[in-house]
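Observations on the three-dimensional arrangement
Each chain, written out:
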Amino acid sequence: MATEPNAVETFKPYVPPEDMRAEFTPRAILLGGFFGLLFGAVTVYVGLRAGLTVAASIPIAVLSISILRAFGKSTILENNIVQTTGSAGESIAGGVIFTLPALIFLGFPLEYSRIFLLTLFGGWLGVFFMIPLRRQLIVKEHGNLLYPEGTACADVLIAGDRGGSFASRVFMGLGLGSLYTLFQNENMFATWQATPTYNPKWFPGSSIRANTTAEYLGVGYIIGPRIAGVIFAGGVFAWLVVMPAIKFFGGNLTAPLYPGPKLIADMAPDELWRYYIRPMGAGAVAAAGLITLLKTVPTIVAALRAGLADLKKGAGAAGSRKRTDDDLPMAWALIGAGAVLVMMWIMLTFKPVPGAHTSWFANIAAAIFVIVFGFLFVTVSSRITGLIGTSSNPISGMAIATLMATCAVFLVLGWTGAAFGALAITIGGVVCIASANAGNTSQDLKTGFLVGATPRKQQYALLIGVMVSVVAIGFTLMGMNKGLESYRPFTSNAPINLSALPEGVTVQEVELPQQIRVVDEKGNHLQSATGSQYKVLNAIGSRDLPDGKYLFNPSTGKIEVQWIQGIGSERAAAPQARLMATVISGILNQRLPWGLVLLGVFLVIAVELLGIRSLSFAVGFYIPMATTLAIFVGGLVRWLAESAAERAGQKTEETDVSPGSLYASGLIAAGGIVGLLGIAVKLMETQGWIPEGAVAWGTHLPWMASGSPTGHWLGVITFVALAYSLFHFARKPLETSK
């Protein structure tokens, strides 16, 4: 009896295997490399600030179709190589920002060379380990694993090949968003208040504010009203419930309440958030991450079993030599993994994290952990993204699982010093980057499978995309940490004895700038100080000082300045990285403000019992309300657009290629690009290359004076206007044909 053909046997790609049209061309690689640099940097910028990332494959594909078309006839396979190369930047950037900034929170410096190498190792592992998995997961399970983003990207490429164009909507968002951000960003023209703020005197401790950026508006629109609403609910609970409660119950205390350094009655809302909400938020994010991980354990176990079974099947299968079945050989995966293992050991042994020297044996163990956990979670990540998509891929949960297992082994072996915390985040960072890139690689390979690409050429493009994008990711991470840092006065009457420092406080050898500009919470210049007169103290888990870096003056015997790092500040909260640092500190040295951490843990348990997505709520609780409110406005615009479409009897379901989503993608890119230019301006001012305030001429306008409400209202009005433009273009149909 004849058997019915399966989905793989009946499938025909858009470009037949025998069609040898142009694919891996220099212009495709160059354009893809440019997009890798661009979207890698933008993802770092937006992700550190918002705690969220959005997929870049479809915006890149849309832009590629129009750009290559402008330079002459292009093929669908060239455009596919562009998006394959470019999207690597976004995916590995997501893995980086979720983990590596934890080094700062653990008291260690960020180094460009270390970020570059760890990102390169993780990105390459994600590609190498997908070589033996492609045939089984992408081809053999074509009917079972849908890879939604990869399928949507293929639809865009095919529509573009047939004459359609979506790029005008992305370019519109990019143009209007850039113009808006140029005037809005506090490091650029700064012609109105970037963060309109209202601190009600009738409700002490509370604050309502919104960082009115184009990228937050776009992110809120893309994630939708439900997730944006849950994130904002976390912000409301922190800033309008918990902070006023702290002020109400602690306002009459006559001594500082740990971990705060001064009286609660004297604290502004920003200080309440910094000293009390952030530890609670760290506990909330950690608990929510663990709950998410536990929920996905059955999926992870099933994915691992299926992946191992797939490898056994693939080991004895003779591969077809059709163009569309031409993969890189298995030797690439084995040699690549072996090379990463050796290079990891060399880096950890001969270039350790400053102040975190570990033995050669511990470094070998770390390199082996990277390979073992890397392969495990690459397999899991690929299968999960095939089922539920990249946006729902729990890579932070996989990083938590890696850190918990690693730290548990370290604890058993007695490796509990600070150096092993740095070693643990190194392992978790590489595994997280590999998992993130594996999910993206799977989506790209699925797109290639549907359009008829050559797998070998896509795998080359992915390796090149990783190599190129790590350059921008490292510079962006370092630039944001430096450009967003600030020095603020620190008031504490308690003297410090350098020969008998409190537990959890250490002296660090750090070269400070010659001149230090001390500012208040609004950035107003208070005084200048000479860097050479200070010693740098680092506090982690101390009962005497909140976590962070401080400038100690030996002549007075007191701490006079708090050095707030750019990453971890209210302008780049990095919630996932803070979560990783909390997990490491909690397991290895148990030095945490446990009362506040446990409040966050049980808050998340209560939220979970209500049937609400606790991770989104926890992230909203941790990051500033200025971020969550702006994101919520984007979600609200999408709800309004969908409601208007429903009333008009039109299609209401938003997709990645809907007009509003494409315009929102342009807004995100615009906010990220101009925001990074602002960071560059700030760095040039810090180095003395340009006068301070040379670009931000708007700060001299009369309505920007301190205490003037006009600048705040202008910020609200212009943000509403930008939100209306998003609503307008979301309702305006796309022109999809010539």
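Everything in this summary refers to the structure shown in the same document. (Residues numbered from 1 in each chain as written. Predicted model: local features only at pLDDT ≥ 70, side-chain atom pairs only at ≥ 80, totals over all residues. Heavy atoms only, no water.)

**Quick notes on the overall build of the protein**
- Along the protein, the regular secondary structure elements total 22 helices and 9 strands.
- Taken against the 2.2 N^0.38 rule, which gives 27 Å for 738 residues, the C-alpha radius of gyration of the protein at 26 Å falls within 12% of a compact globule.
- Taking all 738 residues of the protein together, the buried fraction comes to 59%.
- In the protein, the share of contacts with a sequence separation of at least 24, taken over all contacts with a separation of at least 6, comes to 82%.
- Only carbon and sulfur atoms are counted for the fraction: they give 65% of the accessible area of the protein, which is about 28900 Å².
- Here the protein carries 50 positive and 41 negative side-chain charges, and the mean point of each set is 1 Å from the other. (Helix = DSSP H or I, 4+ residues; strand = E, 2+ residues; numbered from the N terminus. Rg over C-alpha atoms; globule rule 2.2 N^0.38 Å. Buried < 20%, exposed > 50% of the residue type's maximum accessible area, 1.4 Å probe, protein only. Contact = heavy atoms within 4.5 Å. Areas by Shrake-Rupley, 256 points an atom, 1.4 Å probe, with all protein chains shown as cover. Lys, Arg positive; Asp, Glu negative; His and termini not counted. Charge placed at Lys NZ, Arg CZ, Asp CG, Glu CD.)

**A word on helix α6 (residues 112-128)**
- An ideal rise of 1.5 Å per residue puts 24 Å on 17 residues; α6 measures up with 24 Å between its terminal C-alpha atoms.
- Counting buried positions along α6 gives 13 out of 17 residues, so the element sits mostly inside the fold. (Expected span 1.5 Å × (residues − 1).)

**What to know about the packing of helix α20 (residues 625-647) against helix α22 (residues 709-731)**
- Between α20 and α22, whose axes approach to 9 Å, the crossing angle comes to 35°. At the point where α20 passes α22, the crossing takes the right-handed sense. Across the interface between the two elements, Ala-630, Val-633, Val-637, Leu-640, Ala-641, Ala-644 and Ala-645 of α20 pack against Phe-719, Ala-723, Leu-726, Phe-727, Ala-730 and Arg-731 of α22. (Axes fitted to C-alpha atoms, helices over the stretch in contact; angles between N-to-C directions. Left-handed = near helix turned anticlockwise from the far one by under 90°.)

**A word on the packing of aromatic side chains**
- Taken as a whole and assessed by the stated rule, the structure comprises 28 aromatic pairs.
- Plain terms: the ring middles of Tyr-180 and Trp-192 are 5.8 Å apart, the flat faces sit at 50° to each other, and that makes the pair tilted. Placement of the pair is Tyr-180 in helix α9 (residues 167-184) and Trp-192 in the loop between α9 and β1 (197-198), with a sequence separation of 12 residues. For the pair formed by Tyr-180 and Trp-192, the shared burial category is buried.
- The structure contains a cluster of three or more aromatic residues connected by ring pairs, namely Trp-360, Phe-361, Phe-410, Trp-415 and Phe-420. (Phe/Tyr/Trp six-rings, centres within 6.5 Å; stacked < 30°, edge-to-face > 60°.)

**Section: the side chain of Asn-437**
- Position of Asn-437 relative to the elements: it lies in helix α15 (residues 418-451).
- Among the polar contacts made by the side chain of Asn-437, one reaches the main-chain carbonyl oxygen of Gly-123 at a distance of 2.8 Å.
- With residues near it in sequence (within four places) discarded, Asn-437 still touches Ala-88, Ser-91, Ile-92, Gly-123, Val-127 and Val-466. (Polar contact = N/O pair within 3.5 Å; in protein donor to acceptor, adjacent residues only side chain to side chain.)

**Here's the deal with the pairing of strand β8 (residues 548-553)**
- Counting buried positions over the 6 residues of β8 gives 5, a clear majority of the element.
- Pairing analysis gives 5 bridges linking strand β7 (residues 535-539) to β8, with the strands arranged antiparallel. Bridge assignment links Lys-535 to a residue of β8, and that residue is Phe-552.
- Here 5 bridges tie β8 to strand β9 (residues 558-564), and the two strands are oriented antiparallel to one another. Considered in β9, the bridge of Tyr-550 is made with Gln-562.
- Two successive antiparallel strands, β8 and β9, enclose a turn made up of 4 residues, where Gly-557 displays a positive phi of approximately 75°. (Pairing = 2+ DSSP bridges.)

**Details of the environment of Asp-325**
- One can find Asp-325 in the loop between α11 (269-315) and α12 (330-350).
- Placed 208 residues apart in sequence, Asp-325 and Gln-533 show a C-alpha to C-alpha distance of 65 Å.

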